[in-house]
Structure formats: C-alpha cells, structure tokens
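Residue-level structure breakdown
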Amino acid sequence: LGDHLASASDDKTVAIWQLPRMNVIWRSQAHGYLVNQLHLRGGPSPSLWTSSSDGQVKQWGWPQSEERQAVDTRRVLGRSYNLHAVWASGDAQQLLVGTWNHALLVLRRDARGPWGGRALPVESQVIYQRAEAAASDAVVLVGLSPHRAYAWDLRRSRLLALPDFGVAAYAALPGAEPGEVLVPGVGGLLRYRLERGPDGDLAARAWARLDTRLGPLLCGALLPGPPPRLAVGNGQGELILLDLGRLFGRPLFEGRLAEARR
C-alpha cells in the first residue's frame with residue numbers, strides 16, 4: 001500500500017519494506033509461531049492484519065506497525081486453532097479466519113465489547129487464501145485438501161459452494177470488474193463475478209480457462225490496464241502474463257449458489 005510493502009516469514013517475524021529501494025524499515029517478532037498470512041486493509045486508518053499457527057490474529061498500524069490488538073482464538077472459542085487465511089472488515093468489527101483444522105472462524109464484536117463468534121465446519125482441511133468481492137458483500141475463500149472454492153455471504157452469514165470445473169483452486173485475488181474474483185489453480189484459471197439476485201441471495205457467473213500447459217498456478221497479481229492483464233506464477237518458477245480480455249468466452253455457470261458441504 002503506497003510506497004511500502006509487508007512480508008511475513010516462518011521465523012515468526014513481519015517486516016515492512018520501503019519501495020522501491022527495498023530496505024527494511026521495521027521488523028518484529030510478531031507471533032509465537034509461523035506467520036501464515038497478511039491482510040492489508042486500506043482506508044482513513046490503514047491497518048495490517050496477521051494470522052499465525054499460534055492461534056492469534058493481530059492488527060497493526062500501517063506503516064508505523066504499532067500493535068493495535070491481538071485476538072486469541074483459544075480465549076474466544078475455547079480451543080486452539082492453527083490459523084491461515086485472514087480477512088477483516090473495514091471497521092475492524094468482523095473477522096473471517098481460515099484454519100488448518102477443517103474450520104472457518106467467524107468472529108465479531110461491537111464497538112466496545114469483546115470478540116465472540118463460532119467455528120464453522122468446512123470440507124477442506126485448510127482455508128488457505130481469500131479475496132474480497134466488495135461490491136457484492138462477499139469474500140471468496142480457497143480451501144486445500146480437498147481443493148475447493150467457497151463464497152462467504154457477508155449479508156446472510158452463509159458459506160456457499162462455487163463451481164470449479166475440475167480446476168484445483170489454489171489462490172484468490174480481486175478481479176478487474178466490480179464483484180469479480182480470479183482464482184488460479186492446478187489445471188487452469190477460474191473467474192467469478194458475484195451478484196445479488198432480486199431476493200438478495202448471492203448468485204454468480206463463473207468462467208474457466210482450462211490449460212494444463214500453464215502448469216499449476218499458485219499465485220497471481222492483477223496488473224494495471226487497459227487492457228487488464230494478470231501475472232501468474234506457476235510451480236515451475238515461471239512468471240506468465242495473461243491478457244484477461246482474451247482468456248474467457250461465455251460463462252459456464254449462471255445462477256444462485258448452494259450451501260457448501262461440511
């Protein structure tokens with residue numbers, strides 16, 4: 001965000017880098033165990049959220065990186081979880097936290113009260129990645145083992161299944177259009193556009209580009225357009241640039257989404 005970059009490491013630290021020189025301006029032992037994911041939330045008071053296998057989610061200032069709060073899931077839910085994917089609402093009153101324990105943690109609090117919530121069982125062992133579809137009040141979640149793509153409906157508090165067309169979902173990032181999320185995976189690339197139906201339920205249009213020649217796509221970043229381009233990294237260590245305007249034809253799925261299996 002801006003001229004700073006955040007990184008996390010298996011040595012339990014988080015670092016803030018100054019761009020473009022890439023010099024470290026701050027580093028701290030942020031957690032008691034592996035730091036598994038970062039979530040940078042912009043706005044008038046930007047903050048960095050971190051999740052860890054120590055069972056804690058922490059909020060930090062940006063880019064000064066003072067610790068603002070720590071959410072200990074053991075205290076909130078009464079048991080320990082190994083945390084991975086993390087998403088925070090703009091008002092810092094709601095968290096979605098993926099775990100390595102076949103559970104999605106849905107945590108909330110009011111402006112002054114303590115955190116509360118629940119652990120929602122999920123089919124995937126780990127909820128690994130997430131991307132917000134802000135225009136649709138939804139968050140797309142990617143699970144591994146088995147690979148699954150989910151949508152969390154922020155209005156209805158429901159976990160919904162997204163069609164994957166045989167692509168083993170691996171990552172997630174916001175797309176170029178409102179309500180759009182791109183999901184790279186093993187065997188191709190998925191594109192979802194989430195929308196609200198007349199009844200307020202969450203619906204989707206979904207596309208797939210199936211191409212095993214690209215290799216397993218493990219990460220991606222949307223590049224400024226026009227035309228919109230996607231940079232993806234594969235399991236062979238290659239960086240591939242894709243023209244999004246030429247990748248997809250007609251949607252392969254259009255309709256309302258069903259509850260996810262648990």
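Report follows, based on the coordinates. (Residues numbered from 1 in each chain as written. Predicted model: local features only at pLDDT ≥ 70, side-chain atom pairs only at ≥ 80, totals over all residues. Heavy atoms only, no water.)

**Describing the overall build of the protein**
Assigned secondary structure in the protein consists of 1 helix and 24 strands. Expected size for 262 residues packed as a compact globule is a radius of gyration near 18 Å; at 18 Å, the protein falls within 12% of this value. Referenced to the eigenvectors of the C-alpha coordinate spread, the extents of the protein come out at roughly 45 × 45 × 35 Å. When burial is assessed residue by residue, the protein has 50% of its 262 residues classed as buried. Nonlocal contacts in the protein, meaning residues at least 24 apart in sequence, comprise 41% of its contacts between residues at least 6 apart. When the accessible surface of the protein is split by element, carbon and sulfur atoms take 49% of a total near 12,100 Å². Across the protein, the 30 positively charged side chains and the 24 negatively charged ones have centroids separated by 2 Å. (Helix = DSSP H or I, 4+ residues; strand = E, 2+ residues; numbered from the N terminus. Rg over C-alpha atoms; globule rule 2.2 N^0.38 Å. Buried < 20%, exposed > 50% of the residue type's maximum accessible area, 1.4 Å probe, protein only. Contact = heavy atoms within 4.5 Å. Areas by Shrake-Rupley, 256 points an atom, 1.4 Å probe, with all protein chains shown as cover. Lys, Arg positive; Asp, Glu negative; His and termini not counted. Charge placed at Lys NZ, Arg CZ, Asp CG, Glu CD.)

**What to know about a nonpolar patch on the surface**
Taken together, the side chains of Leu5, Leu19 and Met22 make up a nonpolar region of the molecular surface, amounting to roughly 220 Å² of accessible area. Its place among the elements puts methionine 22 in the loop between strand E2 (13–18) and strand E3 (23–29). Here methionine 22 falls in the partly exposed class, since its relative accessible area comes to 39%. (Patch = residues over 30% accessible without salt bridge, like charges linked within 9 Å, V, L, I, M, F, W, Y side chains within 5 Å. Salt bridge = Lys/Arg side-chain N within 4 Å of Asp/Glu carboxyl O.)

**Quick notes on the packing of aromatic side chains**
Taken as a whole and assessed by the stated rule, the structure comprises 2 aromatic pairs. Pairing tyrosine 128 with tyrosine 170 gives two aromatic rings, centres 5.6 Å apart and planes at 70°, and the pair type is edge-to-face. Residue tyrosine 128 is found in strand E12 (residues 126–133), and its partner tyrosine 170 is found in the loop between strand E16 (168–169) and strand E17 (173–174); the two are separated by 42 residues along the sequence. Of the residues examined, tyrosine 170 reaches a relative accessible area of 22% and is grouped as partly exposed. (Phe/Tyr/Trp six-rings, centres within 6.5 Å; stacked < 30°, edge-to-face > 60°.)

**Brief notes about the layout of surface pockets**
Empty space within the largest pocket amounts to approximately 720 Å³. For the largest pocket, the lining is made up of 25 residues, of which Gln37, Leu38, His39, Leu40 and Arg130 are closest to its centre. At the level of secondary structure, the elements contributing two or more residues to the lining of the largest pocket comprise strand E1 (4–8), strand E4 (35–41), E12, E17 and strand E21 (217–223). Looking at the lining of the largest pocket, the element that brings in the most residues is E4, giving 6 residues. Residue classes in the lining of the largest pocket are distributed as 17 nonpolar, 6 polar and 2 charged. (1 Å grid on protein atoms, 1.4 Å probe; cavity = no way out; pocket = protein on both sides within 12 Å on 5 of 7 lines; lining within 4 Å. Points joined across faces, edges and corners; volume = space filled by probe spheres on them. Nonpolar A, V, L, I, M, F, W, Y, C, P; charged D, E, K, R; others polar.)

**Here's the deal with unusual backbone geometry**
Here leucine 19 and proline 20 are connected by a cis peptide whose omega angle stands at 0°. Among the structural elements, proline 20 can be located in the loop between E2 and E3. Residues serine 145 and proline 146 are joined by a peptide bond in cis, for which omega reads 0°. You can see proline 146 is positioned in the loop between strand E13 (138–144) and strand E14 (148–153). One non-glycine residue, histidine 102, lies in positive phi territory at about 55°.

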